[in-house]
Amino acid sequence: PVLYLAILRPMNNQAQLIEKQKEHLSAIFDTLSEGVALNEIIFNHAGEMVDYRILEVNKAFYRVADFVKNDPNRGQLATTLYGMDSAFILQFWETHKNATESTHAEMISPISGRHFSITTSPFINNRFVTSFQDITKRKRAEEKIAVSEARLSVLISTVDGVVWEADAQTFNFTFVSAQAERITGFTTEEWLTPGFWVKQLHPDDRLWAPDFCAECTLRMEPHEFEYRLIAKDGRTLWLRDLVTVVSQEGQPKWLRGLMVDITQHKLDEAHICRIQSNLIAAQKLARISFWEWDVLDNMAVWSDETYHLFGRNKHDLNEHRQDFLNLIVPADRDRVNRALSDALDGSRDYDIEYRVTLENGQTKTIHALAEIVRDADGTPLTMRGTVQDITEKKKTEERIEKLAHFDQLTGLPNRIVLKDHFKFALSLAQRRGEKLAVLFLDLDHFKDINDTLGHGIGDQLLMETSRRIKSLLREEDTVARQGGDEFTLILPGTHAEGATQVALKLIHALSQPCYIQSQELTITPSIGIAIYPDDGDNLEALSKNADTAMYRAKAEGRSTFRFFTAEMQTLSARNLQLANALRHALVRNELQLHYQPQLSIQDGHITGAEALLRWQHPELGMISPAEFIPIAEDSGLIIPIGEWVLRTALSQLKAWINEGLPPMVMAVNLSAVQFRQQNLPELVSAILHEIELPPESLELELTEAATIGNPQAAISMMNQLHEHGIRMSIDDFGTGYSSLSYLKQFKVYKLKIDQSFVREITIDPDDKAIVTAIISMAAGLGLQTIAEGVETAEQLAYLRLQGCNEVQGYYFSKPLPADKFREFSLTLK
Ligand code: C2E
Ligand code: MG
Ligand code: MG
């Protein structure tokens, strides 16, 4: 400013004063460290600057401006002094003519290479000041910094990580190296936005990482930590951050650090972890574990699974090999020791199965394998290998072995064993000229028990049956289960009489009630017998024929046995034919009902009619229900056929009533298979309702077979039918095995005395006694009696005498077609 005064103030008359001031000024002027020159502009005629003249320079000017071409005398022109050309002057003029502030420029002295800063003042009254400052020192320092910065930035850019600086209070970044963008996808600008770090932290790590960092910062401790950061593309990055705290006046000011991307490393780590835990899990699953035994110091290392496998806790055993050997079942110990020494001397591989005793006393079977590591001389150093729990495998092997030869449920031999035994028995029989019996045994109505009571009970019944069969047989006999409820017996050295004996014993023993899960079950067998050599000379033929005979036993009432006869061969073929034909019988209208009157013994009026099925086959002619009903039962066709019978019989009754026939009851035979149908009461009620008949018009004839097997279920079914108002009678009474104790619980209305007793009533005293007993017992229980198969006047007379209520039989009428029945009932009137 002092200098400007000198410029601004023109000389005046107070010359003395001015002179003094001048002196002061030039004194000050000369003390300045900068070289200063006061200049005056020279114009041409056109008013353009062509040069300028130096009016005044200070002392420092000579020192500083080492580049001037000539001595800087006052009055000298800039073009001469500085060597400027006109172009430069012109440009100088252009840039400065309107300037209101000083301008700065820098230059390097071409002579000394020193740096100068040149300040040019604004032009005032065509004068201006230039000052020169030597800035070489500063320039050199700046260059140095630039070089080291460049070096640093190269360094930073090569570091595999983000070099960063952040505010110690806010954690806002003030600098991040280029890697920041490469690693995270965020630009440097984004990194530098306030709150960036905390915002991008993984939510879980945001809970602790800023706090941790803040605590370390407060204590001014360098720290290192790992956390996750969410990259721009959403990926989760794992970073390891090494942080130093930079303080200022004892306070944390900056944080500087290096972030390293350890994502891949973490993934690898997790991968290895997973592989490791998979390996452990696999070992566990496979029950394989590893061990290593240091042969020299006799110490072993066992993987955790080994302890588990040996059923011990880790702390219960030390690592001494002997501890483990002690767990081996004593009987196997020598073998294991031998295997070990064989393996050590190289004579055999270590591959052995042995058993170990668990703490609870059970044993496990172990399979051990090992290899031996030897030194250069072949001395064994360590032995390492695996142990595997093969207990289950062993058990399975044994089970398979058994399965191959024995029936799983009953433990009886199977077909394979049976064949074997037969071969042996046959060779003996051939050699000795003996006979051999093959029996085929099938349980009656077993399927119903299985269906109604469940397989659990069915299975137990089969087990009990096989126990009973075995208990009756001799040592040399064989019984095998054929599957289901079928058994084959081979009785060596047995002829027809012997076989009869065995069959009777079997029927008796198997018909005794069994108690299974607090249920009383009774089941009977049907048995077919074939004899070698009469009925075949190989197992196939003999079993097939025994099977045929068994079917005959079934057809002829079950709970009995039959020998195979040549005539059966043709019959079994007929059975097959009938079974097929029966399928179409209903739809082809081949079935018919005949009706047999039932009469009051007192006054002879018709009390009812029994509906009896007739099958008129187009080629085979009339087929007896006794023959085709069992076939219908086996195929399940009895269900639709039975429903048809009910509907037809009741419709017929309704028709007769409508025609004015006296009221009566329709008796319909019900198969045991129908009786086990759960919806039977509803079905019967629905049909009665449909035909508009009261339930008392119907009487269902049940056989004792319906109650055999599961009397409780039979009782409950009878109760239900009774609740629906439906009457029931027991058909063929006296021939079955039903116990009298149950009879009291049966909600039946009538007993039908079987015709076999009635037939002999006048000849056989036993039958007489039985009939008498049945009638009086029925009276005692409040039941009605009807005698069927009455053929003679004598029979009728005896029955009347005993107090039998009703009769049915050829003596009165055979079963008749509906129109004939109607006629018959009218003749009686
Ligand atoms: P069941 O119920 O005991 O029927 C009586 C059988 O004795 C009938 O034979 C009948 O014709 C015959 N019979 C009647 N009176 C005399 C007589 O004085 N002397 C002789 N010797 N026999 C007489 P059928 O009709 O051949 O029936 C045989 C069996 O077939 C029936 O015995 C019954 O158990 C069954 N059955 C018949 N129809 C049906 C039916 O619709 N459903 C079911 N489930 N079974 C039926
Ligand atoms: Mg009947
Ligand atoms: Mg009968």
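What you see is a predicted model; the values in this text were computed from it and never measured.

S.K.: Lay out the site of ligand 1 with the relevant residues and their values.
M.R.: Near ligand 1 you find 22 residues, and of these N669, D731, Q755, E791 and Y810 are the closest. Take R614: an N or O atom from its side chain is 2.9 Å from an oxygen atom of ligand 1. Here a nitrogen atom of ligand 1 sits 2.4 Å away from a polar atom, N or O, in the side chain of E791. Mapped by element, the contributors of at least two residues to the shell around ligand 1 are strand 24 (606–617), helix 23 (625–635) and strand 28 (727–733). Broken down by element, the shell around ligand 1 gets its largest block of residues, four residues, from strand 24. Here the residues of the shell around ligand 1 are counted per class, giving nine nonpolar, six polar and seven charged.

S.K.: So what's going on with the confidence of the model for the protein chain? Which residues, and what values?
M.R.: When the pLDDT values of the protein chain are averaged, the result is 88; 95% of them are 70 or greater. By mean pLDDT, the top-scoring element of the protein chain is strand 26 (residues 665–669) (98), and the lowest-scoring one is helix 1 (residues 2–8) (48).

S.K.: Kindly report on the coordination of the magnesium ion (ligand 2), identifying the contributing residues and their values.
M.R.: Every protein donor of the magnesium ion (ligand 2) is listed here as E610 (OE), N669 (OD1), E701 (OE) and D731 (OD), and their distances to the metal cover 2.0 to 2.2 Å. Counting along the primary sequence, the residues that act as donors to the magnesium ion (ligand 2) give the motif E-x58-N-x31-E-x29-D. Here the magnesium ion (ligand 2) and the magnesium ion (ligand 3) are spaced 4.1 Å apart, linked through D731, which binds each one. With N669 in strand 26 and D731 in strand 28, this pair connects stretches of sequence that are 62 residues apart. Residue classification places N669 among the partly exposed positions, given a relative accessible area of 26%.

S.K.: Kindly report on the pairing of strand 7 (residues 173–176), identifying the contributing residues and their values.
M.R.: The pairing of strand 6 (residues 162–167) with strand 7 spans three bridges and is antiparallel. Within strand 7, the position partnered with A166 by the bridge is F173. With antiparallel pairing between neighbouring strands as the criterion, strand 6 and strand 7 make up a hairpin whose turn holds five residues, including F171 at a positive phi of roughly 65°.

S.K.: Any chance you could break down the packing of aromatic side chains for me, citing the residues and the numbers?
M.R.: Counted under the stated rule, the structure contains 29 aromatic pairs. Summarising the aromatic geometry, the rings of F561 and F563 are spaced 6.1 Å apart at their centres and angled 80° between planes, so their arrangement reads as edge-to-face. Since its relative accessible area comes to 23%, F563 is described here as partly exposed. Aromatic rings pair up to connect F43, Y52, F61, Y82, F92, W93, F123, F128 and F132 into one cluster. Residue placement shows R727 over the ring face of Y749; its charged tip is 4.3 Å from the ring centre.

S.K.: Can you break down the sheet that holds strand 9 (residues 236–248) residue by residue, with the values?
M.R.: Spatially, 7-6-10-9-8 is the arrangement adopted by the five strands of the open sheet, whose pairing is antiparallel. Each end of this open sheet is capped by a strand with a single partner; those strands are strand 7 and strand 8 (223–230). Taken over all neighbouring pairs, the strand axes of this sheet differ in orientation by 30° on average, direction set aside. In this sheet, strand 10 (residues 251–261) lies alongside strand 9 in antiparallel orientation, the contact comprising ten bridges.

S.K.: Describe the packing of helix 24 (residues 638–658) against helix 26 (residues 680–691), naming the residues involved and giving the relevant values.
M.R.: Between helix 24 and helix 26, whose axes approach to 10 Å, the crossing angle comes to 30°. Classified by the angle between their axes, helix 24 and helix 26 sit roughly parallel to one another. Of the two possible hands of crossing, helix 24 and helix 26 adopt the one that is right-handed. Note on element contacts: helix 26 touches helix 24 through L683, V684, I687, L688, E690 and I691, opposite E643, L646, R647, L650, S651 and K654. Split into classes, the residues belonging to the contact of helix 24 with helix 26 amount to seven nonpolar, one polar and four charged.

S.K.: Explain the coordination of the magnesium ion (ligand 3) residue by residue, including any values.
M.R.: At 2.0 to 2.5 Å from the magnesium ion (ligand 3) lie its protein donor atoms, namely D731 (OD), D732 (OD), E788 (OE) and E788 (OE). Sequence positions of the donors to the magnesium ion (ligand 3) reduce to the motif D-D-x55-E. Take D731: its relative accessible area is 7%, and that puts it in the buried class.

S.K.: Can you lay out the packing of helix 30 (residues 765–781) against helix 31 (residues 793–802) for me, pointing to particular residues and giving the numbers?
M.R.: Relative to each other, helix 30 and helix 31 sit at 40°, their axes nearing to 10 Å. Comparing the axis directions of helix 30 and helix 31 gives the class oblique. In this structure, helix 30 crosses over helix 31, and the sense of that crossing is right-handed. Contacts between helix 30 and helix 31 involve K768, V771, T772 and I775 on the former and, on the latter, Y798, L799 and Q802. A per-class count over the contact of helix 30 with helix 31 returns four nonpolar, two polar and one charged.

S.K.: Provide a residue-level description of helix 19 (residues 455–472), including the pertinent values.
M.R.: Since the α-helix packs 3.6 residues into each turn, any two residues three or four apart lie on the same face. An ideal rise of 1.5 Å per residue puts 26 Å on 18 residues; helix 19 measures up with 26 Å between its terminal C-alpha atoms. When helix 19 is considered as a whole, its buried residues turn out to be I457, G458, L461, L462, T465, S466, R468 and I469.

S.K.: Which residues make up the pattern of salt bridges, and what are the values?
M.R.: By the definition in use, this model includes 42 salt bridges. Notably, a salt bridge pairs R114 with D134, separated by 2.6 Å at the nearest N-O pair. Here D134 lies in strand 5 (residues 127–134) and R114 lies in the loop between strand 3 (103–108) and strand 4 (115–120), a separation of 20 residues in the sequence. Residue classification places R114 among the partly exposed residues on the basis of a relative accessible area of 36%.

S.K.: Any details on unusual backbone geometry? Residues and values, ideally.
M.R.: Excluding glycine, most residues fall at negative phi; most peptide bonds, likewise, are trans. Cis geometry marks the peptide bond from Y532 to P533, where omega comes out at 0°. Relative to the elements of secondary structure, P533 occurs in the loop between strand 21 (525–532) and helix 21 (539–555). In this structure, M220 takes a positive phi of about 55° despite not being glycine. With respect to the secondary-structure elements, M220 resides in the loop between helix 11 (209–218) and strand 8. In the Ramachandran plot, H445 falls in the positive-phi region, its phi being about 60° despite a non-glycine side chain. On the secondary structure map, H445 appears in the loop between strand 16 (436–443) and helix 18 (446–453).

S.K.: Mind laying out helix 6 (residues 136–158), listing which residues take part and the relevant values?
M.R.: Across its 23 residues, helix 6 extends 33 Å between first and last C-alpha, which sits within 8% of the 33 Å expected from 1.5 Å per residue. T136, K139 and I156 are the residues of helix 6 that are buried. Looking at the buried positions of helix 6, the neighbouring elements they touch are strand 3, strand 4, strand 5, strand 6 and strand 7.

S.K.: So, the environment of Q248: which residues are in play, and what are the values?
M.R.: Structurally, the position occupied by Q248 is in strand 9. For the pair formed by Q248 and Q16, sequence separation is 232 residues and the distance between their alpha carbons is 58 Å.

S.K.: So, the pairing of strand 26: which residues are in play, and what are the values?
M.R.: When you tally the buried positions in strand 26, you get four out of five residues, the bulk of the element. Two elements, strand 24 and strand 26, share four bridges in a ladder whose sense is parallel. Paired with A609 across the bridge in strand 26 is M666. In terms of strand pairing, strand 26 meets strand 27 (residues 698–702) through four bridges, oriented parallel. Within strand 27, the position partnered with V668 by the bridge is L700.

S.K.: Give a description of the sheet that holds strand 21 that names residues and reports values.
M.R.: Taken together, the five strands give an open sheet; going across it, the order is 17-18-16-21-22, and neighbouring strands pair in mixed fashion. Each edge of the open sheet is held by one strand with a lone partner, namely strand 17 (478–483) and strand 22 (561–563). On average, adjacent strands in this sheet sit at an angle of 20° to one another, irrespective of strand direction. Pairing geometry for strand 16 and strand 21, over eight bridges, is antiparallel. Directly across from A437, in strand 21, lies its bridge partner I531. Lying over the sheet, helix 20 (residues 496–511) contacts strand 16, strand 18 (486–492), strand 21 and strand 22, oriented at roughly 165° with respect to strand 21.

What counts, and where the lines are drawn
Residues numbered from 1 in each chain as written. Chains lettered and ligands numbered in written order. Predicted model: local features only at pLDDT ≥ 70, side-chain atom pairs only at ≥ 80, totals over all residues. Heavy atoms only, no water. Near = heavy atom within 4 Å. Polar contact = N/O pair within 3.5 Å; in protein donor to acceptor, adjacent residues only side chain to side chain. Helix = DSSP H or I, 4+ residues; strand = E, 2+ residues; numbered from the N terminus. Nonpolar A, V, L, I, M, F, W, Y, C, P; charged D, E, K, R; others polar. pLDDT = per-residue confidence, 0-100. Donors = N, O, S within 2.8 Å, 3.2 Å for Na, K, Ca; no water. Buried < 20%, exposed > 50% of the residue type's maximum accessible area, 1.4 Å probe, protein only. Pairing = 2+ DSSP bridges. Phe/Tyr/Trp six-rings, centres within 6.5 Å; stacked < 30°, edge-to-face > 60°. Lys NZ or Arg CZ within 6 Å of the ring centre and 35° of its normal. Axes fitted to C-alpha atoms, helices over the stretch in contact; angles between N-to-C directions. Parallel < 35°, antiparallel > 145°, perpendicular 65-115°, else oblique. Left-handed = near helix turned anticlockwise from the far one by under 90°. Contact = heavy atoms within 4.5 Å. Expected span 1.5 Å × (residues − 1). Salt bridge = Lys/Arg side-chain N within 4 Å of Asp/Glu carboxyl O.

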